[in-house]
Amino acid sequence: ISAEEWALCQAQLRAVNAVPELASLLSSGCGEVSIFWIDPDTRLYCKARLDWLQVEGKKARILELKSTADESPAGFGRTAARMKYELQRAHYVDAIKYGARLQFDGWTFAAVTSAAPVLAVPYDLTDEMISQADDERAEHLQRLAWCMENATWPAYGSGKQPLDYPAYAKRSSEVEVAFTEPKPE
């Protein structure tokens, strides 16, 4: 890596360690932990690769580091929604329960900026997001199991599909733009 990339990495490490909750999580545990298991409902083979796993006795805590351009609650919230980070959490909780056979004891996202000023912010998901993600993950696994069993991989329907602009890219007929000539002085 370049000297500039190394300096950024060191700044990110300092930012993470400056947050007591994150430093505490990183004070013990292992990084890049792979866990494999069979999903009890679908019998699908599953795997996960956790950024950081801290185990104390039979309890496990997970830390997921996420590089971001915007660490603010609104900015990181948009990124989390777009990237479906809540599904990652749901999947990793099952990795702890069924693969590692440990009691899940907590999850933290560490949003770390990828440019100066380098900041780190710990986040957790709301109960509503967690519940929605658990349901959505189960639906995805059921769908995958069905596809594998039936050797059918539907995409977005059969045949040619209509393509439309997203709402933000459409012209609105409700907005009128008028141009006026400047008055001579």
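Definitions and limits used
Residues numbered from 1 in each chain as written. Predicted model: local features only at pLDDT ≥ 70, side-chain atom pairs only at ≥ 80, totals over all residues. Heavy atoms only, no water. Helix = DSSP H or I, 4+ residues; strand = E, 2+ residues; numbered from the N terminus. Rg over C-alpha atoms; globule rule 2.2 N^0.38 Å. Buried < 20%, exposed > 50% of the residue type's maximum accessible area, 1.4 Å probe, protein only. Contact = heavy atoms within 4.5 Å. Axes fitted to C-alpha atoms, helices over the stretch in contact; angles between N-to-C directions. Parallel < 35°, antiparallel > 145°, perpendicular 65-115°, else oblique. Nonpolar A, V, L, I, M, F, W, Y, C, P; charged D, E, K, R; others polar. Phe/Tyr/Trp six-rings, centres within 6.5 Å; stacked < 30°, edge-to-face > 60°. 1 Å grid on protein atoms, 1.4 Å probe; cavity = no way out; pocket = protein on both sides within 12 Å on 5 of 7 lines; lining within 4 Å. Points joined across faces, edges and corners; volume = space filled by probe spheres on them. Arc of directions from axis to C-beta. Core = buried A, V, L, I, M, F, W, Y, C linked by side-chain atoms within 4.5 Å.

A. Highlighting the overall build of the chain. Per the secondary structure count, the chain includes 5 helices and 5 strands. Put simply, the chain runs from its N terminus to its C terminus through helices and strands in the order α-α-β-β-β-α-α-β-β-α. Rg of the C-alpha trace for the chain: 23 Å, well past the compact-globule value of 16 Å for 185 residues, more than 25% over. Across its three principal directions, the C-alpha atoms of the chain cover 80 × 50 × 35 Å. Counting the 185 residues in the chain, one finds 34% classified as buried. Here the contacts in the chain between residues at least 6 apart in sequence split such that 60% fall between residues at least 24 apart.

B. Looking closely at the packing of helix α4 (residues 85-99) against helix α5 (residues 127-150). The interhelical angle for the contact between α4 and α5, taken along N-to-C directions, is 75°, at an axis separation of 8 Å. With respect to α5, the axis of α4 lies roughly perpendicular. Residues Glu86, Leu87, Arg89, Ala90, His91 and Asp94 of α4 form the contact with α5, whose participating residues are Met129, Ile130, Ala133, Asp134, Glu136, Arg137 and His140. Here the contact of α4 with α5 is built from residues that sort into 5 nonpolar, 2 polar and 6 charged.

C. Examining unusual backbone geometry more closely. The peptide bond linking alanine 116 to proline 117 adopts the cis configuration, its omega dihedral lying at -5°. With respect to the helices, strands and loops of the structure, proline 117 is situated in the loop between β4 (103-113) and β5 (120-123). Positive phi, normally seen in glycine, also occurs at glutamate 32, with a value near 50°. Tracing the chain through its elements places glutamate 32 in strand β1 (residues 30-38). According to the relative accessible area criterion, glutamate 32 is partly exposed, its value standing at 44%. Unlike most non-glycine residues, lysine 84 shows phi in positive territory, near 60°. Residue classification places lysine 84 among the partly exposed residues on the basis of a relative accessible area of 30%.

D. Geometry of the packing of aromatic side chains. Under the criterion given, the structure shown has 7 aromatic pairs. A ring pair is formed by tyrosine 92 and tryptophan 107, whose centres lie 5.9 Å apart and whose planes are at 55°; its orientation type is tilted. Here the residue tyrosine 92 occupies a position in helix α4, and tryptophan 107 occupies one in strand β4, the gap between them amounting to 15 residues. Residue tyrosine 92 is classed as buried on the basis of its relative accessible area of 10%.

E. Layout of the environment of leucine 65. Position of leucine 65 among the secondary structure elements: in strand β3 (residues 59-68). Judged by its relative accessible area of 36%, leucine 65 is partly exposed. If near-sequence neighbours (up to four positions away) are discounted, leucine 65 is found in contact with Val16, Asp51 and Ala110.

F. Highlighting the layout of surface pockets. A volume near 190 Å³ is recorded for the largest pocket. Around the largest pocket sit 14 residues that line it, and Asp41, Asp94, Asp134, Arg137 and Ala138 are the ones nearest its centre. The residue makeup of the lining of the largest pocket, split by class, is 6 nonpolar, 2 polar and 6 charged.

G. Main features of helix α3 (residues 73-83). Regarding α3, the residues found buried are Gly75, Phe76, Thr79 and Ala80. End-on view of α3: buried residues confined to an arc of 135°, all on one side of the axis. With respect to the buried face of α3, the exposed residues turned more than 90 degrees away are Pro73, Arg78 and Arg82. Residues of α3 that are buried make contact with β3, α4, β4 and β5.

H. Structural view of the nonpolar core. Judged by nonpolar contacts, the single largest core of 22 residues is most densely connected at Ile35, Leu50, Leu53, Ile62, Ile96 and Phe109. Counting residues per element, the ones that place at least two in this core are β1, β2 (45-56), β3, α3, α4 and β4. For isoleucine 35, the residues in contact, after removing those within four places along its chain, are Cys46, Lys47, Ala48, Leu50, Ala95, Ile96, Gly99 and Ala100. Judged by nonpolar contacts, the second largest core, of 12 residues, contains Val16, Leu22, Leu63 and Ala120.

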